[in-house]
Amino acid sequence: MARTKLVLKKIQNKAYRHITFAKRKTGLVKKAYELSTLCDVEVALIIFSPAGKLILFEGKKRLEEIVSHYLDSPARKRGWYANFDEMDYANWNLAINI
């Protein structure tokens, strides 16, 4: 049985939105940890909750070191895209490898 495509839109019910944020935040931090550990890559994850609380995950290096590495890289290697629909997926791996 195929899954139906989920339409992404803001959850109107504040309680459901908070629960969904908490669950997805935990999953995202777990994936960042796994990516950092399994693939030996630099990972920094910054999340601000709807209440303005900072959630920060740093892999093996501190956030300042990772951001400095990013800023010192040439612009073409930074992989910055204003709109994900315009991304060139053929060169995606090259764009994010720093």
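Coordinates for the structure precede this section.
Attention in this report is confined to the structure presented alongside it. (Residues numbered from 1 in each chain as written. Predicted model: local features only at pLDDT ≥ 70, side-chain atom pairs only at ≥ 80, totals over all residues. Heavy atoms only, no water.)

**Examining the overall build of the protein chain**
Here is step 1: Of the regular secondary structure elements, the protein chain holds three helices and two strands.
Here is step 2: A total of 98 residues make up the protein chain; the buried ones form 13% of that total.
Here is step 3: Long-range contacts, defined as pairs at least 24 residues apart, comprise 23% of the intrachain contacts of the protein chain with a sequence gap of at least 6.
Here is step 4: Total accessible area on the protein chain is roughly 8900 Å²; 59% of this is exposed by carbon and sulfur atoms. (Helix = DSSP H or I, 4+ residues; strand = E, 2+ residues; numbered from the N terminus. Buried < 20%, exposed > 50% of the residue type's maximum accessible area, 1.4 Å probe, protein only. Contact = heavy atoms within 4.5 Å. Areas by Shrake-Rupley, 256 points an atom, 1.4 Å probe, with all protein chains shown as cover.)

**Some points on the nonpolar core**
Soluble, globular proteins show a tendency: their nonpolar side chains are buried together.
Here is step 1: One finds A32, V43, L45, I47, I55 and F57 forming the largest nonpolar core, which totals six residues.
Here is step 2: Breaking this core down by element, the ones donating at least two residues are β1 (44-48) and β2 (54-58).
Here is step 3: Leave out the neighbours within four places in its chain, and I47 touches F21, K25, L28, K53, L54 and I55. (Core = buried A, V, L, I, M, F, W, Y, C linked by side-chain atoms within 4.5 Å.)

**Some details on a nonpolar patch on the surface**
Here is step 1: On the surface, I46, F48, L54 and L56 cluster together into a nonpolar patch covering about 400 Å² of accessible area.
Here is step 2: Elements supplying a minimum of two residues to the nonpolar patch: β1 and β2.
Here is step 3: You can see L54 is positioned in strand β2.
Here is step 4: Since its relative accessible area comes to 45%, L54 is described here as partly exposed. (Patch = residues over 30% accessible without salt bridge, like charges linked within 9 Å, V, L, I, M, F, W, Y side chains within 5 Å. Salt bridge = Lys/Arg side-chain N within 4 Å of Asp/Glu carboxyl O.)

**Details of the environment of E42**
Here is step 1: Note that E42 resides in the loop between α1 (14-39) and β1.
Here is step 2: When the C-alpha positions of E42 and I66 are compared, they lie 6.8 Å apart, and in sequence the two are 24 residues distant.
Here is step 3: One polar contact links E42 to K61, side chain to side chain, over a distance of 3.1 Å.
Here is step 4: A distance of 3.1 Å separates the side chain of E42 from the side chain of H69, its partner in a polar contact. (Polar contact = N/O pair within 3.5 Å; in protein donor to acceptor, adjacent residues only side chain to side chain.)

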